[in-house]
Amino acid sequence: MIPEINYWAVLVATLSTMLVGTVWYTPKVFGNAWMRLAKVDPTGKSAVGPILVTVIVSFISAWVLAGASWIAFEFYGGSFLLGTLLTGVILWAGFTASRFITHDAFEGRPAALTIINIAHEFVTVVVMAVIIGVWPPAIG
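The rules behind the values
- Residue indices begin from 1 for each chain and proceed along its sequence in written order.
- With pLDDT at 70 or above as the cut-off, local features in this predicted model cover only qualifying residues; side-chain atom pairs require 80 or more to be listed or tallied, and sums for whole chains, interfaces and linings still use all residues.
- Working from all heavy atoms in the structure, the side-chain values ignore hydrogens and water.
- Patch building starts from residues that exceed 30% relative accessible area and form no salt bridge, then joins like charges within 9 Å and nonpolar side chains (Val, Leu, Ile, Met, Phe, Trp, Tyr) within 5 Å.
- To measure how exposed things are, a 1.4 Å probe is used in the Shrake-Rupley method; for residues, cover is taken only from the protein chains shown.
- Salt bridges are identified by distance alone: a Lys or Arg side-chain nitrogen within 4 Å of an Asp or Glu carboxyl oxygen.
- Numbering of helices and strands runs from the N terminus, with a helix taken as a DSSP run of H or I at least four residues long and a strand as a DSSP run of E at least two residues long.
- Each polar contact in these results corresponds to two N or O atoms within 3.5 Å; when the atoms are within protein, one needs to be able to donate a hydrogen and the other to accept it, and residues that are neighboring in sequence are counted only if both atoms are side-chain atoms.
- Throughout, a contact is declared for two residues whenever any of their heavy atoms are within 4.5 Å.
- When a residue's accessible area, from a 1.4 Å probe over protein chains only, is under 20% of the maximum for its type it is buried; when over 50% it is exposed; and in between it is partly exposed.

A. Expanded view of a nonpolar patch on the surface. A cluster of nonpolar side chains, contributed by Tyr7, Val53, Ile56, Val57, Ile60, Trp63 and Val64, occupies part of the molecular surface with about 650 Å² of accessible area. For the nonpolar patch, the element with the most residues is helix α3 (residues 48–76), which contributes six residues. Inspection of the secondary structure assignment puts Val53 in helix α3.

What follows is the structure, encoded as structure tokens:
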């Protein structure tokens, strides 16, 4: 079985990650705390490279979420939106949060930094899941 994917939803979900990140890491939200904890110099290098990488990996994440959600929907049935939200949260907990926690623990990063980053990823995945979930491929 090849999952059916709505690529328009994937593209919008990809763009949503940029919006969430822009708001999340704004200095007045978590940006100042994140820069201090991560020891990031805001006057340093150009952000163009990291932004391009973010767009690419965000597309991959949205595509994988859409495919996994379709597979879960085909297997369990029910609401595509709820299934996509549940799939997103499970993938976030099982891969994103757990890997961040592991790497940050070994690298000795502050727990507050880990929390800021995994919470950002949680919000990002939930927003992507809502977009993909309300805009499923043609279910027939």
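B. Molecular detail of the side chain of Asn6. Mapping Asn6 onto the fold places it in the segment before α1 (7–24). There is a polar contact of 3.1 Å between the side chain of Asn6 and the backbone oxygen of Trp135. Leaving out residues up to four positions away in the same chain, Asn6 has contacts with Trp135, Pro136 and Pro137.

C. Seen up close, the pattern of salt bridges. Taken as a whole and judged by the stated rule, the model has two salt bridges. Two residues, Arg109 and Asp104, come together in a salt bridge whose shortest N-O distance is 3.9 Å. Arg109 serves as the salt-bridge partner of Glu107, at 2.9 Å between the closest nitrogen and oxygen. For Glu107, a relative accessible area of 48% corresponds to the partly exposed category. What emerges from the salt-bridge pattern is a single network uniting Asp104, Glu107 and Arg109.

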